[in-house]
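Observations on chain architecture
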Amino acid sequence: MTRHISGHRQLIYSLGAVTTAFAILMALQVHPVPAQEVTFAKDVAPILYESCVECHRPNSFAPMSLLTYENARRYASRIRSRVESRSMPPWHVDRTVGIQAYENDYSLTDGEIETIVRWVDDGAPMGDKADIPPLPDLPEGGAWQLENSFGRPPDLIVRSTPYDVIENGQDQWWGPTVPFAGLDEGRWIKAYEFKPSWPLGLRVVHHGHATLRAGGRNIGIAHYGVGKRYETFPDDIGMLFPAGEADVTWSLHYFPVGVGAPQDVVEVGLWFYPEGEKPALETRGEVLMRVDRMGGMPRGGDILIPPHGQQVLQGAHVLDQPTLINSFRPHMHMRGKEMSIEAIYPDGQREVLGKVSDYKHIWQISYQFALDQKPLLPKGTVLLFTSVFDNSAANPLNPDPEQWVVFGRRGVDDMSHMWVGITELEQEEFERLTAERRAKLVSQQGQGGSEKNR
Ligand code: HEC
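Bear in mind the structure is a predicted one, so any value in this text is a computation, not a measurement.

What follows covers the overall build of the protein chain. Looking only at helices and strands, one finds 9 helices and 24 strands in the protein chain. Residues classed as buried in the protein chain amount to 30% of the 454 residues present. For the protein chain, the proportion of contacts with a sequence separation of at least 24, taken over those separated by at least 6, is 82%.

Put into structure tokens, the structure is as follows:
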């Protein structure tokens, strides 16, 4: 502000109109042009309702509710610092490299951040209560989050068996196999939701997987981590649930939080395509692509991070079929810092598809590429994954920089793999989709061009 005014002053001095300059300055000081006031009711509540309260509401896993003005004001300075540093809402994609358009991007725009910062700096005023928008229509705690968008509860629900999560202690694992009747006819899965019990389970289930065995196949039907509860496949893409007797093997990782969760049960809900409807493409859902070379074994391996040290690991996977990439979800533990997925095309060209440069193990977010930007990769493409670990004191989530860190399932040990949403394609499908996308791009460019000419 001061700099602007002195700039004016210099300009005006140089014109020689000293007295006029003073008059203008005085006028500016006495009657500053009032900037439009930023208020909770009109400006901030809509942002909180849109981007925060899905998590920040009573009995959720987030620390406080942001549904009311009183709470928003009480936490104003923390809100300011979390949104300004972009650590809230949690969204960790690097903005300088890789694909930037994501279907599920709920990060704030620069304008929204500016609004919140100004509101806090101006003393967090309420404004006119009448401007507060209606409370968003949130699913009840413990309800299926996808029920609203499908207009019905899941078509099929499978359940884990009860497990007593202790109050305090280290990581716990639970892996029952639960048989059930299965389906008479194969069905195509359009969406799945992984639902910990509520409210306690939501706090103690750290992550989990459900693997269906039916029709002689093993199918990862649901994957869960804090920040990823459900997944809806794009139209015309589905996952086959074969007919016949079935069982589900659960891999549940619980983490005690100071309150016991007795007899905890996890559910997975599935929504199917209408009976008889077969989507054009079959997806494998999220597939684990390893960066550490442990084969799951907690010994003798390649994660070895010295105290106060760093480590970089790379893993490569060759695609032996043309592939559509739907999403990526990095997985490391407390020392994880960065992770990227890069394509090396058969002709040697390289392209970073996505990168998380501010990884935080407490968040397992599936970054879902926007529909028309999902990478379409030819057979023979190499997916190259790069992980960076930081065991220094500069890593805010590091519990102890004095420790050596090795591979292991516990949170204090480390791991490195990426869950990649994959749809394998036949060569003809690949060519059809590539041609469709090219045609769309050309027509978009055509439209853009004519707009520019106008
Ligand atoms: C996907 C769920 C989710 C969303 C969306 C989300 N938060 Fe959070 N927030 C959390 C969780 C969980 C924590 C606690 C863990 C952490 O600090 O990362 C948290 C922590 C915070 C904190 C720190 C609280 C403290 O005690 O210091 C603030 C402030 C905050 N969030 C503000 C916001 C704001 C503002 C938004 C929206 C612009 C938002 N959050 C969106 C889940 C969420």
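From this point on, the discussion continues.
What follows concerns the sheet that holds strand 16 (residues 310-318). Taken in spatial order, the 4 strands of this open sheet run 16-22-18-19, and their pairing is antiparallel. The sheet is open, and its two borders are formed by strand 16 and strand 19 (350-356), each paired with just one other strand. Looking at each pair of strands side by side, their axes are set apart by 20 degrees on average, direction ignored.

A rise of 1.5 Å per residue sets the reference length of helix 6 (residues 110-121), with its 12 residues, at 16 Å; its end C-alpha atoms lie 16 Å apart and thus fit the reference within 8%. Of all the positions in helix 6, only Ile-116, Trp-119 and Val-120 are classed as buried. Down the axis of helix 6, the buried set is contained in an arc of 95 degrees. They therefore lie on one face. Opposite its buried face, helix 6 presents the exposed residues Asp-110, Gly-111 and Asp-121, each directed more than 90 degrees away. Positive backbone phi, at 90 degrees, marks Gly-123, one or two positions downstream of helix 6.

Further remarks concern the site of the ligand. Around the ligand, a shell composed of 19 residues is seen, among which Cys-52, Cys-55, Ala-62, Met-88 and Pro-89 lie nearest. Residue contributions to the shell around the ligand peak at 4 residues, all from helix 5 (residues 76-84). Within the shell around the ligand, the residues separate by chemical class into 13 nonpolar, 3 polar and 3 charged.

With that out of the way, let us pick up helix 3 (residues 40-51). Phe-40, Val-44, Ala-45, Leu-48 and Ser-51 are the residues of helix 3 that are buried. For helix 3, the buried positions fall inside an angular range of 155 degrees around the axis, keeping them on one side. Elements that come into contact with the buried residues of helix 3 comprise helix 4 (69-74) and helix 6.

Right, let's get into unusual backbone geometry. Residues Met-88 and Pro-89 are joined by a peptide bond in cis, for which omega reads -10 degrees. Trp-198 connects to Pro-199 through a cis peptide bond whose omega is 0 degrees. Checked against the element boundaries, Pro-199 lands in the loop between strand 5 (187-195) and helix 8 (200-204). The phi dihedral of Asp-236 falls on the positive side, at around 75 degrees, and the residue is not glycine. As for its placement among the helices and strands, Asp-236 is situated in the loop between strand 8 (230-232) and strand 9 (237-241). Phi at Gln-263 is positive, roughly 50 degrees, even though this residue is not glycine.

Okay, the pairing of strand 10 (residues 244-254) next. In this sheet, strand 10 lies alongside strand 3 (residues 172-174) in antiparallel orientation, the contact comprising 3 bridges. Along strand 10, the bridge assignment pairs Trp-174 with Leu-252. Judged from the 5 bridges that link them, strand 4 (residues 177-183) and strand 10 form a sheet pairing that is antiparallel. Bridge pairing links Pro-179 to Asp-247 in strand 10. As defined by bridge partners, strand 6 (residues 205-214) adjoins strand 10 across 9 bridges and the pair is classed as antiparallel. By the bridge assignment, Leu-212 is partnered in strand 10 with Val-248.

On to the pairing of strand 5, then. Where burial is concerned, most of strand 5 is hidden: 9 out of the 9 residues are buried. In terms of strand pairing, strand 5 meets strand 9 through 3 bridges, oriented antiparallel. Counted as the bridge partner of Trp-188 is Leu-240 from strand 9. Relative to strand 12 (residues 267-272), strand 5 is paired through 6 bridges, and the arrangement is antiparallel. Across the sheet, the residue bridging to Tyr-192 is Leu-270, located in strand 12.

Glancing now at the nonpolar core. One finds Ile-189, Tyr-192, Ala-210, Leu-212, Ile-221, Ala-222 and Val-268 to be the most contacted residues of the largest nonpolar core, which totals 32 residues. Where this core is concerned, the elements lending two or more residues are strand 2 (163-165), strand 5, strand 6, strand 7 (217-225), strand 9, strand 10 and strand 12. Of the residues forming this core, the biggest block, 5 residues, is contributed by strand 5. Not counting residues within four places of it along the chain, the set of residues in contact with Tyr-192 comprises Ile-221, Ala-222, Tyr-230, Glu-231, Val-268, Gly-269 and Leu-270. Membership of the second largest hydrophobic core comes to 31 residues, among which are Ile-99, Ile-325, Phe-328 and Tyr-359.

Here the focus is the packing of helix 3 against helix 6. Contact geometry of helix 3 with helix 6 gives a least axis separation of 10 Å together with a crossing angle of 130 degrees. Judged by the inter-axis angle, helix 3 sits oblique to helix 6. Judged by the sense of rotation from one axis to the other, the crossing of helix 3 with helix 6 is left-handed. Residues Phe-40, Asp-43, Val-44 and Ile-47 of helix 3 lie in contact with helix 6, whose contacting residues are Glu-112, Thr-115, Ile-116 and Trp-119.

Now for the confidence of the model for the protein chain. Summary statistics for the protein chain give a mean pLDDT of 88 and a share of 89% for residues scoring 70 or more. Throughout residues 1-33 the model reports pLDDT below 50, and contacts reaching past four residues in sequence, or to other chains, amount to 9 contacts. The model gives residues 296-301 a pLDDT under 50, and that stretch makes 7 contacts with residues more than four places away or in other chains.

Cut-offs and rules
- Residues numbered from 1 in each chain as written.
- Predicted model: local features only at pLDDT ≥ 70, side-chain atom pairs only at ≥ 80, totals over all residues.
- Helix = DSSP H or I, 4+ residues; strand = E, 2+ residues; numbered from the N terminus.
- Buried ≥ 20, exposed ≤ 12 C-beta atoms within 10 Å, placed from the backbone.
- Contact = placed C-beta atoms within 7 Å.
- Pairing = 2+ DSSP bridges.
- Axes fitted to C-alpha atoms, helices over the stretch in contact; angles between N-to-C directions.
- Expected span 1.5 Å × (residues − 1).
- Arc of directions from axis to C-beta.
- Near = placed C-beta within 6 Å.
- Nonpolar A, V, L, I, M, F, W, Y, C, P; charged D, E, K, R; others polar.
- Core = buried A, V, L, I, M, F, W, Y, C linked by C-beta atoms within 7 Å.
- Parallel < 35°, antiparallel > 145°, perpendicular 65-115°, else oblique.
- Left-handed = near helix turned anticlockwise from the far one by under 90°.
- pLDDT = per-residue confidence, 0-100.

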